[in-house]
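Examination of the molecular architecture
Take a look at the letters that make up each chain.
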There are 2 protein chains.
Amino acid sequence: MNYNCSLKRYFGNSIVYIFLILLIPQDLLAQTDPVFKPISADIIKIPSKVLGEDRKVYIYLPPADTLQRDKRYPVLYVLDGDNHFSLMAEYCRYLSRRDVNVVPEMIIIGIPNTNRTRDLTPNHSIIDYDGKPDTSSNSRFKSSGGGNNFLQFIGTELIPYIDAHYKTQPFKIFAGHSFGGITTINCLLTQQDMFNAYIAISPSFWWDNGYLLRLADERLKNNRVMNKRIFYSDADEGMSLSSFHTNLVKFDSIITNRKITGLDHKYVRYPDETHMTEPVKAYYDALRFIFR
Amino acid sequence: MNYNCSLKRYFGNSIVYIFLILLIPQDLLAQTDPVFKPISADIIKIPSKVLGEDRKVYIYLPPADTLQRDKRYPVLYVLDGDNHFSLMAEYCRYLSRRDVNVVPEMIIIGIPNTNRTRDLTPNHSIIDYDGKPDTSSNSRFKSSGGGNNFLQFIGTELIPYIDAHYKTQPFKIFAGHSFGGITTINCLLTQQDMFNAYIAISPSFWWDNGYLLRLADERLKNNRVMNKRIFYSDADEGMSLSSFHTNLVKFDSIITNRKITGLDHKYVRYPDETHMTEPVKAYYDALRFIFR
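- Looking at an unreviewed UniProt entry, one finds chain A named Alpha/beta hydrolase, with Chitinophaga eiseniae as its source organism.
- Its UniProt record gives chain A a comment under Sequence similarities (unreviewed entry), which states: "Belongs to the esterase D family."

Topic: the packing of helix 5 (residues 147-165) of chain A against helix 6 (residues 179-190) of chain A
Residue and element names in this part refer to chain A.
- Close contact between helix 5 and helix 6 brings their axes to 10 Å; oriented N to C, the two are set at 75 degrees. Between helix 5 and helix 6, the interaxial angle falls into the category roughly perpendicular. Contact residues: Asn148, Phe150 and Leu151 in helix 5; Thr183, Asn186, Cys187 and Thr190 in helix 6.
- The residue makeup of the contact of helix 5 with helix 6, split by class, is three nonpolar, four polar and no charged.

Things to note about the environment of Phe141(A)
Residues and elements named next belong to chain A.
- Turning to its location among the elements, Phe141 is positioned in the loop between helix 4 (116-119) and helix 5.
- Given a relative accessible area of 0%, Phe141 falls into the buried group.
- When the C-alpha positions of Phe141 and Asp128 are compared, they lie 8.3 Å apart, and in sequence the two are 13 residues distant.
- Discounting chain neighbours no more than four positions away, the residues touching Phe141 are Thr117, His124, Ser125, Ile126, Ile127, Asp128, Asp134, Trp206 and Trp207.

Some points on the pattern of salt bridges
- Counted according to the given criterion, the structure contains 32 salt bridges over all chains.
- In this structure, the salt-bridge partner of Arg219(A) is Glu218(A), at a minimum N-O distance of 3.6 Å.
- Looking at Glu218(A), the relative accessible area reads 45%, which means it is partly exposed.
- Residue Lys281(B) pairs with Glu273(B) through a salt bridge whose shortest N-O separation is 3.6 Å.
- Overall, Lys281(B) belongs to the partly exposed group, its relative accessible area being 21%.
- We classify Glu273(B) as buried; its relative accessible area is 4%.
- What emerges from the salt-bridge pattern is a single network uniting Glu53(A), Arg55(A), Arg118(A) and Asp119(A).

Procedures and definitions
- Residues numbered from 1 in each chain as written.
- Chains lettered and ligands numbered in written order.
- Predicted model: local features only at pLDDT ≥ 70, side-chain atom pairs only at ≥ 80, totals over all residues.
- Heavy atoms only, no water.
- UniProt positions renumbered as here; feature names shortened; annotations may be inferred.
- Axes fitted to C-alpha atoms, helices over the stretch in contact; angles between N-to-C directions.
- Helix = DSSP H or I, 4+ residues; strand = E, 2+ residues; numbered from the N terminus.
- Parallel < 35°, antiparallel > 145°, perpendicular 65-115°, else oblique.
- Contact = heavy atoms within 4.5 Å.
- Nonpolar A, V, L, I, M, F, W, Y, C, P; charged D, E, K, R; others polar.
- Buried < 20%, exposed > 50% of the residue type's maximum accessible area, 1.4 Å probe, protein only.
- Salt bridge = Lys/Arg side-chain N within 4 Å of Asp/Glu carboxyl O.

Following this line, the structure appears as structure tokens:
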């Protein structure tokens, strides 16, 4: 190929060349453009005994590596699958390209919701984010509090299924936004062997007047060893929702001040983003942090 | 639906509700999750007389709006289609969702390369980015300089085809990275009626020892009226490639200092990104700038 000969003229050595290809600008890689392929997903249904229902999950697989047929991949599980799966898969695909190469190729598992409030809240509560109980007869909080059951589904049914059917490495990431954010943090606090890294984008610490902050304060004891990574962030959530920020500052202070060995953490605030635009920036920064 | 009744209890008024739905957090919108659909693209071939070859293009269309069957959309044309089309389509899809709603729904056109150096360089030159001529017999620069011809293809064949076959608005954006970045800037300088907004991510101003900077200096005269938007950026391109930054500072200074009416511009530097990771952040920031 043209660019190959042209580089050899400069560098003359294929070992040097292999290193340099990671540094040179895209212009020199023109001929290596892959052909566009849409992000496609296996869609499977797992009959969950724990949840008493079939659960659909989306699975993105990296392109087959014909040179390493036994290659195994880290796995990223992302909540709110219908909202965030394809963005996460697109990020991982782009960022793991040979000429970008800042995260490894990964298997991405998107978990869409059936009853979001039931599955993504750690305990039963009818207290709204204004601190007042929602006592209406059709309150969406009626079904709340299934979070630990949902984590049991992930830990005892979903992860074993994925590990049995796909070429997984042990390294696993758990990512969520808002209610999904308190779910990943609840998992860190209560089911510590399940994941190696956690992403919590604007976690809804307002839930039950700070239930999860109290749990964090209780569980994140001094002198623990965790060997995990966690990225968390907030945005401009508006005046009435500024508890997203004040609560996350409290959580960050707990994590920072306790002497926990190996709990590598990063907090980013996005003052120019809304609650809903924040995931675009935060998922990217989280991936870069976890694989820096 | 549950969340609807719950909100009405608080706000009691459907007009207020329509406004508030843009502000409330995702937690309240749980039941509105769309079902995951992969980014899919029409792939068409345009027989180009200008280029003397068939040109493949990728076309992403927003989901049909059954309530507004005659709805028309702005169009974003992105170069290096095989590299950047699906990321851009994913961004536009996510950011135009009803509960995110910071950019309009758009038609995205990805233009993959056949001969990148030929099409994405504004003039013929064999000078490499180190300032020295590449005189090798198989130099990749041999074919350079077809950029204006390529713009003629876009302006007289591609855009008319898209406008004839899809529900387009007149508003058009032209986005490119590296050689694609000098192509969008060359278009701004030489074919000013073609687009309304431009994105140039780390434009390769090193091309022909600054050819395009000289052209900008000549064409961007005082007291012109342009009524356009342009976003440009650079990254940490490495010591040997720092001309990406110094040249872009010069370009920014030309744009800033000339008194051009209506040329709305934004320059962002990404010191923590590489030449190849930069597009992830910059395309997002560019879309937010253009539709702010």
